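Reading the structure
Chain by chain, the residues:
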Amino acid sequence: MEEAIKYYFNKIIKEKIKLENGWKESWLITLSDHQKVVFRAYSNYTELFEREKLFYDTVNSKIGKTCPEIYVVDGSCDYYDKAFQISEYIEGKALRYCLQEELNDRKKENIYYEIGQLIAQINQIEADVQSMYPMGRDSWEAYYSNFLMRPQLLRIVANDLITIDEIDLICEKMQAYPASKANRLLHRDIRPDNLIFRNGRLFVIDAETSEIGDPLDELARIHLEWHYWEMYDTLLKGYKNVLKIDTDNILFYFYQLEELGELLDMHYNHGCNNSTTPFFRNCFREAKEKVLRD
């Protein structure tokens, strides 16, 4: 880490603090000139760090300062033993904490509406079709069903939640429903932990799983996280004030299946089983029945 900081910043580390960040190695580093940066590392993660940089750079250039600046992405292992990323540190508090501990209902309502507007602004951004992610890709529907949804659903076959035959049918059926918009910028992990609140402003972080696709996918994922919380309807009003979208579209349920497959895999197979598991399991069954009988 010291070698990487020396090479890219020509500075030394004054202080470093380990951050809680799931399975990624993350550090808050104070440099010798008091600049603070975030150092994140994970083996074979270069492509996703680059994906996050593309997201941040695009959002900041199109709608103003909303995301951290990423200074470095390095997958060479010349200066550290893993792929790493060095980015700007955004001062502020996680929105989850603010919602739980600091904001009254009126302020929460305003924040939820603003979140909806911000997400819609991001989802309005048309991606460059020559960028590395959509270029040469199958149609969004084929890409989504075969490379995003199918692998996720296969992980929960052993949990008796779905069969391989059902997965084949669902993936085939999805491709019969073309998305009205398929080249928009998506974060795909918008939740309270990935939003920073500072002086009345919201900042978006953790976009390494961003995609270029259908905004309805963004809302389908948010609905599962935020509907279980509170004021999803207010968030949706803010979203629709900026970007008109049909949340009754059958694709909404296909998109939810993929997210629910990911959640249930974590709950059943990676030790995350808790009080929310029955809720997500019931949502999965309802979405599966909906798309199979449609």
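Anything mentioned here points back to the structure above.
Before going into details, it helps to say that this report is about the structure given with it. Not measured: the values here are computed from a predicted model. (Residues numbered from 1 in each chain as written. Predicted model: local features only at pLDDT ≥ 70, side-chain atom pairs only at ≥ 80, totals over all residues. Heavy atoms only, no water.)

Let us now look at the overall build of the protein. Secondary structure assignment for the protein yields ten helices and ten strands. For 294 residues, the compact-globule estimate of 2.2 N^0.38 gives 19 Å, and the protein sits close to it at 20 Å. Reported as C-alpha extents along the three principal axes, the dimensions of the protein are approximately 60 × 45 × 40 Å. Within the protein, the proportion of its 294 residues that are buried is 51%. Taking as baseline every contact in the protein between residues at least 6 positions apart, the subset at least 24 positions apart corresponds to 68%. For the protein, the accessible area works out to roughly 14,200 Å², and carbon and sulfur atoms hold 46% of it. Looking at charge distribution, the protein has the averaged site of its 37 positive side-chain charges lying 4 Å from that of its 50 negative ones. (Helix = DSSP H or I, 4+ residues; strand = E, 2+ residues; numbered from the N terminus. Rg over C-alpha atoms; globule rule 2.2 N^0.38 Å. Buried < 20%, exposed > 50% of the residue type's maximum accessible area, 1.4 Å probe, protein only. Contact = heavy atoms within 4.5 Å. Areas by Shrake-Rupley, 256 points an atom, 1.4 Å probe, with all protein chains shown as cover. Lys, Arg positive; Asp, Glu negative; His and termini not counted. Charge placed at Lys NZ, Arg CZ, Asp CG, Glu CD.)

Here we take up the environment of Thr-30. Tracing the sequence through the fold places Thr-30 in strand 2 (residues 25-31). A residue is classified by how much of its surface remains accessible, and Thr-30, at 10% relative accessible area, is buried. Setting aside residues up to four positions removed in sequence, Thr-30 forms contacts with Ile-12, Ile-13, Lys-14, Glu-15, Gln-35 and Lys-36.

Those residues of helix 1 (residues 2-9) that sit buried are Ala-4, Ile-5 and Phe-9. One face of helix 1 carries all of its buried residues, which in axial projection span an arc of 95°. On its buried face, helix 1 is in contact with strand 1 (13-18), strand 2, strand 3 (36-42), strand 4 (70-74) and strand 5 (83-88). (Arc of directions from axis to C-beta.)

Time to look at helix 2 (residues 46-63). The periodicity of an α-helix, 3.6 residues per turn, causes residues three or four places apart in sequence to face the same way. In this model, helix 2 (18 residues) spans 26 Å end to end at C-alpha, consistent with the 26 Å of a helix rising 1.5 Å per residue. The set of residues buried in helix 2 consists of Phe-49, Arg-51, Glu-52, Phe-55, Tyr-56, Thr-58, Val-59 and Asn-60. (Expected span 1.5 Å × (residues − 1).)

Once that is clear, we can look at the pattern of salt bridges. Side chains that carry opposite charge are capable of pairing whenever their charged atoms lie near each other. By the definition in use, this model includes 26 salt bridges. The shortest N-O distance in the salt bridge between Lys-53 and Asp-57 comes to 2.8 Å. You can see Lys-53 and its partner Asp-57 sitting in helix 2, four residues apart, about one turn around the helix. Put simply, Glu-259 and Arg-221 hold a salt bridge, and the shortest N to O gap is 2.8 Å. Residue Glu-259 is located in helix 9 (residues 251-269), and its partner Arg-221 is located in helix 7 (residues 215-227); the two are separated by 38 residues in the primary sequence. A residue is classified by how much of its surface remains accessible, and Glu-259, at 5% relative accessible area, is buried. Judged by its relative accessible area of 8%, Arg-221 falls in the buried class. Salt bridges linked by common partners bring Arg-188, Asp-217, Arg-221, Glu-258, Glu-259 and Glu-262 together as one network. (Salt bridge = Lys/Arg side-chain N within 4 Å of Asp/Glu carboxyl O.)

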